[in-house]
Amino acid sequence: MEDIFSGSDQAAQWMDQAIALVMVYAPKVVLAIVTLVVGLWLINRFVSVLDKKLGEKDPTLNKFLCGLISAVLKVMLLISVASMIGIATTSFIAVIGAAGLAIGLALQGSLANFAGGVLILIFKPFKVGDTIEAQGYLGAVAEIQILYTVVNTFDNRRIVIPNGSLSNATLVNVSIYDKRRCDMTFGIHYDDDIDKAKAILQRLFDEDERSLKDPEPRICVSALGDSSVDLMFRAWVATDDLWPYYWDMQEKVKKAFDAEGITIPFPQRDVHMYKAD
């Protein structure tokens with residue numbers, strides 16, 4: 001009987017201790033959960049508003065800065081919630097620091113990408129909306145994120161390039177200037193009139209309203225090939241008109257040369273056959 005009564009007394013003591021713990025920590029836990037939920041909502045709301053405001057002024061900076069601010073605020077919120085529950089924040093911060101060091105050593109590539117993103121935003125070799133050629137891809141910059149840059153190619157592919165690679169390698173910003181030079185080469189037969197062919201190219205240049213008069217075009221003989229006289233045709237156009245102008249001029253030159261009797265030669269080989277006795 002004494003064992004039964006002592007066991008019941010011990011269970012009652014445990015129940016009293018559990019109730020006391022609940023009375024002490026329940027309000028803190030509830031307050032911490034409310035703080036966490038409200039804090040996350042406020043952070044997301046703040047980042048959304050900041051993204052909208054920065055997007056109107058600087059589309060290049062908004063994705064990177066918003067992602068960084070969101071990560072920092074969420075870490076600060078978690079530390080605050082932990083301190084509300086009763087976790088010692090000093091030791092908690094020490095643990096986070098040690099874990100951060102270990103993670104940093106394991107993720108050196110990601111840290112390099114982060115540093116590359118910072119360098120891109122500081123020196124601005126390109127911005128959102130520019131057309132760049134990098135890492136073997138050509139496309140328009142859609143986003144500059146914390147670790148990666150998103151490029152949309154012209155054949156509707158989405159390419160994600162690490163910022164570390166972009167900041168440490170050669171890239172070509174195609175759209176940084178408002179006009180570009182369109183280089184073309186057309187071969188004519190050695191028996192054709194060079195001056196006549198050059199006059200045809202000049203006429204096609206003058207007839208196309210996309211052709212820019214300043215700087216003036218350059219039409220000259222660039223090489224004497226094995227089977228053709230190569231005429232170099234360099235015309236300046238607006239950057240957005242470069243490829244449509246190039247493709248249209250290829251067709252126009254072929255039709256104009258055919259109409260004027262100018263021959264565009266192609267490689268030929270004469271084969272002589274001898275009968276052996």
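All of these numbers come straight from a predicted model, not from anything done at the bench. All residue numbers refer to position in the chain's written sequence, counted from 1. The model is predicted, so local features are restricted to residues of pLDDT at least 70 and side-chain atom pairs to those at 80 or more, both for listing and for counting; the totals for chains, interfaces and linings are taken over all residues. Heavy atoms from the whole structure form the basis of all side-chain values; hydrogens and water molecules are not counted.

Draft legend 1. Layout of the packing of aromatic side chains. Paired rings are identified among Phe, Tyr and Trp, the last through its six-membered ring, by centres lying within 6.5 Å, and are further divided according to the angle between planes into stacked (under 30 degrees), edge-to-face (over 60) and tilted (the rest). All chains considered together, the criterion is met by three aromatic pairs. Summarising the aromatic geometry, the rings of Trp-243 and Tyr-246 are spaced 5.6 Å apart at their centres and angled 75° between planes, so their arrangement reads as edge-to-face. On the criterion of helical spacing, the pair formed by Trp-243 and Tyr-246 is a turn pair, its members being three residues apart in helix H7 (residues 242-260). Buried means the residue's accessible area, taken with a 1.4 Å probe over protein chains only, is under 20% of the maximum for its type, while exposed means over 50%, and partly exposed covers the values in between. A residue is classified by how much of its surface remains accessible, and Tyr-246, at 26% relative accessible area, is partly exposed. An aromatic cluster of at least three residues, connected via ring pairs, comprises Trp-243, Tyr-246 and Trp-247. The helix and strand labels rest on DSSP assignments: H or I over at least four residues marks a helix, E over at least two residues marks a strand, and numbering proceeds from the N terminus.

Draft legend 2. Highlighting the sheet that holds strand S8 (residues 229-238). Strands sit in the order S6-S8-S7 across an open sheet of three strands; the sheet is antiparallel. Looking at which strands have only one partner, the edges of the open sheet turn out to be strand S6 (179-188) and strand S7 (218-224). Sheet twist, expressed as the average angle between the axes of neighbouring strands with direction ignored, equals 25°. Of the pairings in the sheet, the one linking S7 to S8 comprises six bridges and is antiparallel in character. Paired strands, as defined in this entry, are two strands with at least two bridges between them according to DSSP. All axes here are fitted lines through C-alpha atoms, helices being fitted over the stretch that makes contact, and every angle between N-to-C directions spans 0 to 180 degrees.

Draft legend 3. Structural view of helix H6 (residues 194-207). A helix is expected to span 1.5 Å for every residue after the first. Compared with an ideal rise of 1.5 Å per residue, which puts 14 residues at 20 Å, H6 spans 20 Å between its outermost C-alpha atoms and is within 8% of the ideal. Regarding H6, the residues found buried are Ala-197, Ile-200, Leu-201, Leu-204 and Phe-205. Projected down its long axis, H6 shows its buried positions confined to an angular sector of 135°, all on one face. Away from the buried face of H6 by more than 90 degrees, exposed residues Asp-195 and Glu-207 are located. The arc in question is traced by the directions running from the helix axis to the C-beta atoms.

Draft legend 4. Broad picture of the layout of surface pockets. Lining residues are those with an atom within 4 Å of a point, where the points come from a 1 Å grid over the protein atoms alone and group into cavities, where a 1.4 Å probe fits but cannot get out, or pockets, open sets with protein on both sides within 12 Å along at least five of seven lines. Grid points are joined across faces, edges and corners, and a volume is the space filled by probe spheres set on the points. Of the voids in this model, the largest pocket is the one considered here, and its volume is about 300 Å³. As for the largest pocket, its lining consists of 14 residues, of which Thr-131, Val-174, Arg-180, Leu-242 and Trp-243 are closest to the centre. Here the lining of the largest pocket takes three residues from H7, the largest share from any one element. Charged means Asp, Glu, Lys or Arg here, nonpolar means Ala, Val, Leu, Ile, Met, Phe, Trp, Tyr, Cys or Pro, and polar covers whatever is left, Gly included. The class makeup of the residues in the lining of the largest pocket is seven nonpolar, three polar and four charged.

Draft legend 5. Region of the structure containing the pattern of salt bridges. Salt bridges are counted wherever a side-chain nitrogen of Lys or Arg sits within 4 Å of a carboxyl oxygen of Asp or Glu. Considering all chains together, one arrives at 12 salt bridges under this definition. Among the salt bridges present, the one from Arg-158 reaches Glu-143, with a minimum N-O distance of 3.6 Å. In this pair, Arg-158 sits in strand S4 (residues 158-162) while Glu-143 sits in strand S2 (residues 137-144), placing the two residues 15 residues apart along the sequence. Through salt bridges with shared partners, one network takes in Asp-208, Arg-210, Asp-248 and Lys-252.

Draft legend 6. Molecular detail of the environment of Tyr-177. Considering the arrangement of structural elements, one finds Tyr-177 in the loop between strand S5 (172-173) and S6. What makes Tyr-177 exposed here is its relative accessible area of 59%. For the pair formed by Tyr-177 and Ala-238, sequence separation is 61 residues and the distance between their alpha carbons is 8.9 Å.

Draft legend 7. Quick look at H7. Between its terminal C-alpha atoms H7 stretches 26 Å, which fits the 27 Å expected from 19 residues at 1.5 Å a residue. For H7, the full list of buried residues reads Leu-242, Tyr-245, Met-249, Val-253, Ala-256 and Phe-257. The arc enclosing the buried residues of H7, seen along the axis, measures out at 95°, which places them on a common side. The exposed residues of H7 that point more than 90 degrees off its buried face are Trp-247, Lys-255 and Ala-259. Looking at the buried residues of H7, the elements they touch are S6, H6 and S8. Positive backbone phi, approximately 80°, marks Gly-261, located one or two places after H7. Note on definitions: a residue-residue contact is assigned when non-hydrogen atoms from the two residues lie within 4.5 Å.

Draft legend 8. Just unusual backbone geometry, in detail. Of note, the bond from Asp-214 into Pro-215 is cis; its omega dihedral lies within 30 degrees of zero at 0°. Topologically, Pro-215 is positioned in the loop between H6 and S7. Even without being a glycine, Lys-124 presents a positive backbone phi close to 50°. Residue placement: Lys-124 occurs in the loop between helix H4 (108-123) and strand S1 (131-134). By relative accessible area, Lys-124 is classed as exposed at 52%. A positive phi angle, near 55°, is found at Gln-135, a position not held by glycine.

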